[in-house]
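What follows is the residue order along each chain.
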Amino acid sequence: MSTVRTLRPRDYNEVLYVGHFYRKGQPVVMDLTGMSDNDARPLVDFAAGLVFGRCGDMDRIANKVFLLVPPGMVING
């Protein structure tokens, strides 16, 4: 069982933490609600590339809130 990390990056430099936990095999909720659309877009692009490159999954769970699921992991609920 893995802990789901919830991260609220404030700028592009903080997306490093999203990648760190995701590569360790932990699901990550990336909450971008505190960012403008223009600032959030590159973070979503980064996350999409990370998930695609690692054969994982990414779901939008709310406006500007995304769940990144590592490969081979299933999230229920």
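Here the structure is a predicted model, which means the values were calculated and not measured.

Enquirer: Would you mind going over the overall build of the protein chain with me for this structure?
Expert: A tally of regular secondary structure across the protein chain gives two helices and four strands. Counting helices and strands in the order they occur from the N terminus, the protein chain gives β-α-β-α-β-β. By the compact-globule yardstick of 11 Å for 77 residues, the protein chain fits well, its C-alpha radius of gyration being 11 Å. For the C-alpha atoms alone, the extent of the protein chain along its principal axes is close to 35 × 25 × 15 Å. Buried positions account for 35% of the 77 residues belonging to the protein chain. A sequence separation of at least 24 residues applies to 51% of the contacts in the protein chain between residues at least 6 apart. When the accessible surface of the protein chain is split by element, carbon and sulfur atoms take 50% of a total near 5,000 Å². If you average the places of the 9 positive and of the 8 negative side-chain charges in the protein chain, the two averages end up 6 Å apart.

Enquirer: When you look at the sheet that holds strand β1 (residues 5-7) in this model, what are you seeing that I'm missing?
Expert: Hydrogen bonding along the main chain pairs the strands of a sheet, whether they run parallel or antiparallel. Reading across from one edge, β1-β2-β4-β3 is the order of the four strands in this open sheet, with mixed pairing throughout. Sheet topology places β1 and β3 (57-62) at the edges, where each strand pairs with a single neighbour. With direction set aside, neighbouring strand axes in the sheet form an average angle of 20 degrees. On top of the sheet, helix α2 (residues 37-53) reaches β2 (28-31), β3 and β4 (65-69); it is set at about 145 degrees to β3, its chief contact.

Enquirer: Please clarify how the environment of serine 2 should be interpreted in this entry.
Expert: Along the polypeptide, serine 2 turns up in the segment before β1. Considering only alpha carbons, one finds serine 2 and glycine 25, 23 residues apart in sequence, at a separation of 8.0 Å. Look past the residues within four positions of serine 2 in its chain and what remains in contact with it is Gly25, Gln26, Pro27 and Met73.

Enquirer: Sorry if this is basic, but what is going on with the nonpolar core here?
Expert: For soluble globular proteins, the rule of thumb is that nonpolar side chains tend to be buried together. Residues Val18, Tyr22, Val28, Met30, Leu32 and Leu68 are the most contacted members of the largest nonpolar core, which totals 16 residues. Put simply, the parts of the chain that give this core at least two residues each are α1 (15-23), β2, α2 and β4. If one sorts the elements of this core by residue count, α2 sits on top with five residues. With residues near it in sequence (within four places) discarded, leucine 68 still touches Val18, Tyr22, Pro27, Val28, Met30, Ala47, Leu50, Val51, Asp57 and Met58.

Cut-offs used in this document
- Residues numbered from 1 in each chain as written.
- Predicted model: local features only at pLDDT ≥ 70, side-chain atom pairs only at ≥ 80, totals over all residues.
- Heavy atoms only, no water.
- Helix = DSSP H or I, 4+ residues; strand = E, 2+ residues; numbered from the N terminus.
- Rg over C-alpha atoms; globule rule 2.2 N^0.38 Å.
- Buried < 20%, exposed > 50% of the residue type's maximum accessible area, 1.4 Å probe, protein only.
- Contact = heavy atoms within 4.5 Å.
- Areas by Shrake-Rupley, 256 points an atom, 1.4 Å probe, with all protein chains shown as cover.
- Lys, Arg positive; Asp, Glu negative; His and termini not counted.
- Charge placed at Lys NZ, Arg CZ, Asp CG, Glu CD.
- Pairing = 2+ DSSP bridges.
- Axes fitted to C-alpha atoms, helices over the stretch in contact; angles between N-to-C directions.
- Core = buried A, V, L, I, M, F, W, Y, C linked by side-chain atoms within 4.5 Å.

None of the figures reported here should be taken as evidence of function without further support.
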